[in-house]
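Single-letter residue listing:
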Amino acid sequence: MNPPLKVLLVEDSETDARLLVRELRQGGRAVEAERVQDPESMRAALSQARFEIVICDWSMPRFSAREALRVLREVGEDLPLIIVSGTIGEESAADAMREGARDYVLKDNLRRLVPAIERELREHEERKARRRADEALRLQESRFRALIEKSEDAISLTSREGKTLYMSPAAMRIFGLEGDEQLGKPALDLVHSEDQARVEELLGDLMGSPGKSVQGQYRIVGRGGAVRWVESSTTSLLEEPAVAAILSNFRDITERKKADAALRVSEKRLRRLSESGFMVISHTKLSGEILEVNDAATSLLGYTREELIAGGIRWDDLTPPEWKPAEERARQQLRASGVAAWEKELYRKDGSRVPVLAGAALVEADGGLGLAVDLTALKRAEGELRERVQVAALATDVGLAITQGGSVHEVLQRCAEALVRHFGAAFARIWTHDPAHKMLELQASAGMYTHLDGAHSRIPVGKLMVGAIAERRLPALNNQVATDPSIDDPAWAVREAMVAFAGHPLLVGGDLVGVMAIFSREPLGELQQKALAAIADAVAVGIRRLTAESGRLAAEAQLRQAQKIEAIGRLTGGIAHDFNNVLSVILARSFFLLEELGPDDLRRIDAEEIKLAAERAASLTRQLLAFSRKQVLEPNVLDLNAVLAGIEKMLARLIGEDITLKLEPGRDLGAVRADPGQIEQVIMNLVLNARDAMPGGGSVRLSTSNVELGEENAGMFGQVAPGHYVMLSVSDTGTGMSLEVQQHLFEPFYTTKEKGKGTGLGLSTSYGIVQQSGGYIRAFSEPGHGTLFEIFLPRVDERPRAIKPRKPAGELHGTERILLVDDDDQVRAAVERILRSYGYAVVPASNGREALESAAGEGRIDLVLSDIVMPGVSGPEFVDQLRALRPHQLVLFMSGFTEHAVVEKVYSEGANYLQKPFTPAALASRVRDLLDQRKALAGSAQ
């Protein structure tokens, strides 16, 4: 029995959905169907269950087939979608098919539905099978390519005519070639002239022998005339259609040839040494009595021949105690087989020891010939070889650590562990350089210390031994740590038996990217010291590559953030004008109600709730506009130290008594250009977030400083302009954030707080304000270790302006005459009533033409309060015409728009401007400020 068909129905009509399920079941299939009717429920259904097909209505009140197709693409589901509609036309159906729909069925012809589904299920399986086959083919091709291109053995293909068809990367390295310069040229051109005839004969034998393979050794001539030996295995594949060439596998044996030649020379030298008395030769009894020795024995051991032979010295007397068991085993082997060879040490006459390779051959019943070769040089070479093996293994592991990828911490931790593993270091650490703060940050620690916190987690450049290495940009190497006065803690070095220290600055193109250091309980040899320098170069390049990669990822995240910003900006900007007008009216009317209702009136509670709801709605609109960078800002030249000082008391009240507030203003701080109210909002958002992260109390620190950001900081934010900045940092000792939370930190509506405890707009609003102010914001956090936010605002060469204090409510009244122009009847009526409540005489007008007529008929007009965007004559156009009659007329514009071209032009020209919605007090304060300024100017002119 076939399993039930799992169907996702995108249909707003439950009746139609039941008809579709019934039609499917009548077609002979069991059906499990789930109905959705909007994007959210469709996404939820796709995340919770697996479906085989989607059946979608063409058009619904809250959804459509086109949107359903977009949802499928967004969630990455490759499901066939069939449109079932009673209204879709042929052109619309064709468009839908082009956008990804697999078929469409009219509701009056549902007989087509089951066959269409069966066909689509078959084709869907076929498509998946084709994709699997394609993926398998690509995998096979990539493996073959990797096998060829990564192989150390060289591979080449030669045509029947003797022309080079292909050379693997290893082949090009051996020949010293680049690119395709050899392709199409005779292969014999690369063979040494003395070996060409032999190789040509070899190729000739293969031409008529399909599948035959021959081996050979010959010389080649690479770039610059360099001669090398190669060993080849050549096979004729001329009859293979897919290849049709001669395949050569060869490897460079130049070093082997040199080694063979060197071995022959060595053997000759050894023979001469033996004949000349450089090999110890003795005639010895099994008891160890020495009967005869050559001059090499006396030279090696420091005894005279007489002392060795007549003095009663036995080989046992010259053998250290720990080598006696090996000596006895060799004697037993000699008795059993007649020959023996073993390693041992011998005492010299002066008491020193010499390592030797001893050998013996039994040539008579109780004695034979003994040989010994001094292994001192060999032991030294073995030690060097072990060091070279360590270095090679270390280089391999470090290379793998860097190429395997991961975060900076993960990659550098693998490198530090490799240093400990292969060098036997007591511990190894790697710091990265933060040039903005001139600080080294500990990223990796392996060996006896694995923690990343503590006194060495952040080291200022120039401080301690590691910071000094960074400042001088020179390595520090020492094999006598205990007596080195530059060691930070000599007592610790003695206590832990530390012997050696090696520290290297990590440099790329002269730029400092970090410091690498190890401590060891064994001395570091010359080869190890040189290897550390090479490893430091590799780690430095790895850090730079990881930084560039993180910069790329940050840039991609920034692009996604910008796309979200743009989408929200279009939505918010589209409704802002009408919404702001409505909120202006609500705020004004709630103000009037509260003025009229007594303190004991039960209706006062409702009026206050209306006012609070309107204020929250206005705040939400401002936050959305700020996040999407559509808000109209009023930037001033600011001193951030003054801003912090101005809101210190308010911040202290916000965070409560169980949290300590610390302000650390920077000295000689530069000025920035920003909207003071918005910057205060950013600071409050960050401080409130810090408060919520410390439910049990803690501390919040706010500091400012001047910083320089250069090209090396480009990976900090994804894309940062080099230059002079003022940095504002907000840090806390709270719970910190996971990496997953940090990845969504500035997204709108994202919050980790309980429902009703936050809108998820605080950080996204701060992000938008900082971005709109031309700055950058970043965060550092680790669970259990608090959070640090850093804001960088461009420094300006202007003097900060003092922030004017707000007037008391009692000073907002006046008796001046105001011409009020607004095409919205409700807004105009509300604003007129507000102004009259503060004592002003108001002349209302519903458009520019009416306002001009009123102005012509009025005597004195102290202020014109005009909306900007109005039908017919706009606010600026009306003002231009008015100033033809009244050149010095004082004007205050207002608008609910945020991105209208006329509004942007008015604001860019520096006109007086008030953004809707506004409270009655805000309107009265702005009007009073302008009128008082005009009076002050008039008084100074007199």
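This section reports on the structure supplied with the text. (Residues numbered from 1 in each chain as written. Predicted model: local features only at pLDDT ≥ 70, side-chain atom pairs only at ≥ 80, totals over all residues. Heavy atoms only, no water.)

Note on sheets: strands pair through backbone hydrogen bonds, and any given pair is parallel or antiparallel. Spatially, 5 strands are ordered E7-E6-E10-E9-E8 in an open sheet, and the strand pairing comes out antiparallel. Looking at strand neighbours, the two that pair on one side only are strand E7 (164-167) and strand E8 (213-221), the edges of this open sheet. Strand-to-strand twist across the sheet, computed as the mean angle between neighbouring axes with direction ignored, equals 25 degrees. Relative to E7, strand E6 (residues 154-158) runs antiparallel, the two being bridged by 3 bridges. Counterpart to Leu157 in the pairing with E7 is Tyr166. Sitting on the sheet, helix H7 (residues 196-207) touches E8, strand E9 (227-237) and strand E10 (245-252), and the angle it makes with E8 is about 150 degrees. (Pairing = 2+ DSSP bridges. Helix = DSSP H or I, 4+ residues; strand = E, 2+ residues; numbered from the N terminus. Axes fitted to C-alpha atoms, helices over the stretch in contact; angles between N-to-C directions. Contact = heavy atoms within 4.5 Å.)

The next subject is helix H24 (residues 875-885). Within H24, the full set of buried residues consists of Gly875, Pro876, Phe878, Val879 and Leu882. Buried residues in H24, looked at end-on, bunch into an arc of 155 degrees, giving them a common side. With respect to the buried face of H24, the exposed residues turned more than 90 degrees away are Asp880 and Ala884. (Buried < 20%, exposed > 50% of the residue type's maximum accessible area, 1.4 Å probe, protein only. Arc of directions from axis to C-beta.)

Here we come to a nonpolar patch on the surface. Together, Val363, Leu369 and Leu371 give the surface a local cluster of nonpolar side chains, amounting to about 250 Å² of exposed area. Here Leu371 lies in strand E15 (residues 367-374). Leu371 gets classed as partly exposed once you look at its relative accessible area, which sits at 34%. (Patch = residues over 30% accessible without salt bridge, like charges linked within 9 Å, V, L, I, M, F, W, Y side chains within 5 Å. Areas by Shrake-Rupley, 256 points an atom, 1.4 Å probe, with all protein chains shown as cover. Salt bridge = Lys/Arg side-chain N within 4 Å of Asp/Glu carboxyl O.)

Moving on, we come to the pattern of salt bridges. Tallied over the entire structure, the rule returns 43 salt bridges. The salt bridge partner of Asp103 is Arg119, with a shortest N-O separation of 2.6 Å. Highlighted residues: Asp103 in strand E5 (residues 103-106) and Arg119 in helix H5 (residues 113-149), separated in sequence by 16 residues. Where Glu816 meets Arg928, a salt bridge forms, and the shortest distance between an N and an O atom there is 2.9 Å.

Let us look at the packing of aromatic side chains. Scanning all chains against the criterion turns up 7 aromatic pairs. With a centroid separation of 5.3 Å and an interplanar angle of 25 degrees, the aromatic rings of Phe427 and Phe519 are classed as stacked. Of the two residues, Phe427 is situated in strand E16 (residues 427-434) and Phe519 in strand E21 (residues 511-520); the sequence distance between them amounts to 92 residues. Through successive ring pairs, a cluster of aromatic residues spans Phe427, Tyr449, Trp492, Phe501 and Phe519. Here Lys257 stacks its cationic end above the ring of Trp229, 4.4 Å away from the centre of that ring. (Phe/Tyr/Trp six-rings, centres within 6.5 Å; stacked < 30°, edge-to-face > 60°. Lys NZ or Arg CZ within 6 Å of the ring centre and 35° of its normal.)

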